[in-house]
Each structure stands twice: as C-alpha cells, then as structure tokens.
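Architecture at a glance
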Amino acid sequence: MENVGVVAAPAPAAPKAAAPAPAASIALPGVLPLGKDGKPLNFDFEQGTLRDWMATGDAFNDQPIKGDIDQNRKYGKGRHADLQGQYWIGGYEKLEDKPHGTLTSVAFTVTHPWASFLIGGGSLPGTRVELVRVDTGEVFFTARGRNNETMLPVAVDLQALKDKEIFIRIVDEESTGWGHVNFDDFRFYTAKPALAEVVKLANASMTAPPLPQDVYKFAGLPPEQAQRR
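Quick caveat, the model's predicted, so the values are computed rather than measured.

How each quantity is defined
Residues numbered from 1 in each chain as written. Predicted model: local features only at pLDDT ≥ 70, side-chain atom pairs only at ≥ 80, totals over all residues. Heavy atoms only, no water. Helix = DSSP H or I, 4+ residues; strand = E, 2+ residues; numbered from the N terminus. Buried < 20%, exposed > 50% of the residue type's maximum accessible area, 1.4 Å probe, protein only. Contact = heavy atoms within 4.5 Å. Core = buried A, V, L, I, M, F, W, Y, C linked by side-chain atoms within 4.5 Å. Phe/Tyr/Trp six-rings, centres within 6.5 Å; stacked < 30°, edge-to-face > 60°. Pairing = 2+ DSSP bridges. Polar contact = N/O pair within 3.5 Å; in protein donor to acceptor, adjacent residues only side chain to side chain.

Of the regular secondary structure elements, the protein holds two helices and 12 strands. When its helices and strands are written in sequence order, the protein yields β-β-β-β-β-β-β-β-β-β-β-β-α-α. The buried share of the protein, reckoned over its 229 residues, is 52%. Of the contacts made within the protein by residues no fewer than 6 positions apart, 80% connect residues no fewer than 24 positions apart.

Ranked by internal contacts, the top residues of the largest apolar core, which has 31 residues, are Phe117, Leu158, Ile168, Ile170, Phe183 and Phe186. If you list the elements that add at least two residues to this core, you get β4 (87-90), β7 (114-121), β8 (127-133), β9 (139-143), β10 (148-157), β11 (165-172) and β12 (181-189). For this core, the element with the highest residue contribution is β12, accounting for four residues. Setting aside residues no more than four positions away along its own chain, Phe183 makes contact with Phe45, Trp53, Trp88, Ile89, Phe117, Leu118, Val129, Met151, Ile168 and Ile170. In terms of nonpolar packing, the next biggest core, distinct from the first, is built from seven residues, Ile65, Trp88, Leu118 and Met151 among them.

Take the packing of aromatic side chains next. For the structure on display, the rule yields 12 aromatic pairs. Measuring from ring centre to ring centre gives 5.1 Å for Phe43 and Phe108, while their planes differ by 70°; the resulting arrangement is edge-to-face. In this pair, Phe43 sits in the loop between β1 (3-5) and β2 (53-57) while Phe108 sits in strand β6 (residues 108-109), placing the two residues 65 residues apart along the sequence. Per residue, the accessibility class of Phe43 equals that of Phe108, and both read buried. With centroids separated by 5.6 Å and ring planes inclined at 70°, the aromatic side chains of Phe108 and Phe186 adopt a geometry described as edge-to-face.

All right, on to unusual backbone geometry then. With an omega of 0°, the peptide bond running from Gln63 to Pro64 counts as cis. Note that Pro64 resides in the loop between β2 and β3 (65-66). If you check the backbone angles, Asp163 has positive phi at about 70° while not being a glycine. As for its position among the elements, Asp163 is in the loop between β10 and β11.

Below, the discussion takes up the pairing of β12. Taken across its nine residues, β12 has nine buried, putting it largely inside the fold. Sheet topology places β4 next to β12; two bridges connect them, and they run antiparallel. For Ile89, the partnering residue across the bridge sits in β12 and is Phe183. The pairing of β7 with β12 spans seven bridges and is classified as antiparallel. Bridge pairing in β12 places Trp114 opposite Tyr189.

Turning our attention to the environment of Ile69. Assignment of secondary structure puts Ile69 in the loop between β3 and β4. For Ile69 and Tyr92, which are 23 residues apart along the polypeptide, the C-alpha to C-alpha distance reads 9.6 Å. The contacts of Ile69, once residues within four sequence positions are left out, are Gly76, Arg79, His80, Ala81, Trp88, Glu93 and Glu149.

This paragraph deals with the environment of Arg187. In this structure, Arg187 sits in strand β12. Apart from the residues lying within four places of it in its own chain, the contact partners of Arg187 are Gly30, Val31, Leu32, Pro33, Asp44, Gln84, Trp114, Ala115 and Ser116. One polar contact links Arg187 to Asp185, side chain to side chain, over a distance of 2.7 Å.

Moving on: the side chain of Glu93. On the secondary structure map, Glu93 appears in the loop between β4 and β5 (101-105). Of note is the side chain of Glu93, whose polar atom sits 2.9 Å from the side chain of Arg73. Excluding anything up to four places from it in sequence, Glu93 contacts Ile65, Ile69, Asp70, Arg73 and Trp88.

Below is the structure:
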C-alpha cells in the first residue's frame, strides 16, 4: 500500500502581493544521496542541469528554472516558489500546463532512515512525485501539491528500505488548471525532519486553508478511498 503525502487544498482566491515566508530558508540538516561514483547526486539541481535525471515527453523541457517565479509571467504576480538554492523544477514556468511528461532520477541506495523534498503545484492525481523501489517496481510513496506554487517539504519514512535501491519519478499527466508539478531538494536525514515550524510559517503567509503540521498517511486521496484504506 502506498503512502500519500501533502494534503490538497483549494486554490487561493488571490495570491498576496508580499512574498511568503521562505520555507526552504529554515535549515534542515540533510545530505544529498550519493551516486555509484560516491559523489552527491544532482537532486537539488544546483548544477543548473538535469544531470542524474531522464526526461520523457515535453513537460520538463528547459528545466531546471533559475531563480524565483517571474513576477511578470502569466499569473506570476505575488507568487513565489520558495526554492532551495538557485535552481528548481518549475512545471509551469516555461510551457505552462499543457505538455505531459515524466522526470525520472537515477537509482540510488537508501543510506538514511528519513528523507524530505519540496513539492508544489497541482493537487490532481496526474501531477505527483513518486518514490519507487527498484527491486519490485512498487510506488511506495506519492505526494502532490496543494494548488499553490509555493513548495513545502514532505517527510518520507525510509526505515523499512535501508540499503534498498529506489528512484524518484516526477509525473505530469494533466493539462487543466494547476496541471503542473514544482519540485526541489531531495535529501536524506538521520532522524525525522522537524517540519512543523516550516509549515507554520507558510500557513501564516498563504490565503489557502492551513496546511497540516505533519504528513498524513492517506492525505490527498478522495475521502471514500481514504476511509477504506
């Protein structure tokens, strides 16, 4: 059974003009996963390229994005990504919502009991981030956005997958409003990341309904499915 992160919330009626408190500015002591050569993988995109990732379709053409959301782009005024560093995956920034595609990382070994990454964008089932086991092909964790460009962190419990190989898959199968994914900064942690303060600051800056202070196991599922599971 897969776990699902990030509770979807209705799109805000109108974004605030002021920038929200930057979620990624709170230091969370994590480390980038290592590749087979022992070097950190490009999971924060700070190389300014898609090295260590493979794209299919067109949704992730011309990625990663450098800098924050262009305030002059369509629907850009007052919206902010809260990226970590200089680069991030911004699914709307170049080609808007129309194209579909996937962005899949190289496989890597789970060396820590916890992980976290930043996610924003749409809450539809077709816009999601999946974590997949290499040995079985099982999608063991799925996260979606909250119909908001601002990325917030999601914690992932990897204790049962120690020394297993996994990979990340960013999926965009939607073309309607909020049909895109924002993503950044997948890292490992030695203990569960303390994300409550990050979410608290974000809640104080957004017009959307408050977000949970932790990840709910079945968040993002339709109510009838969540009840059954």
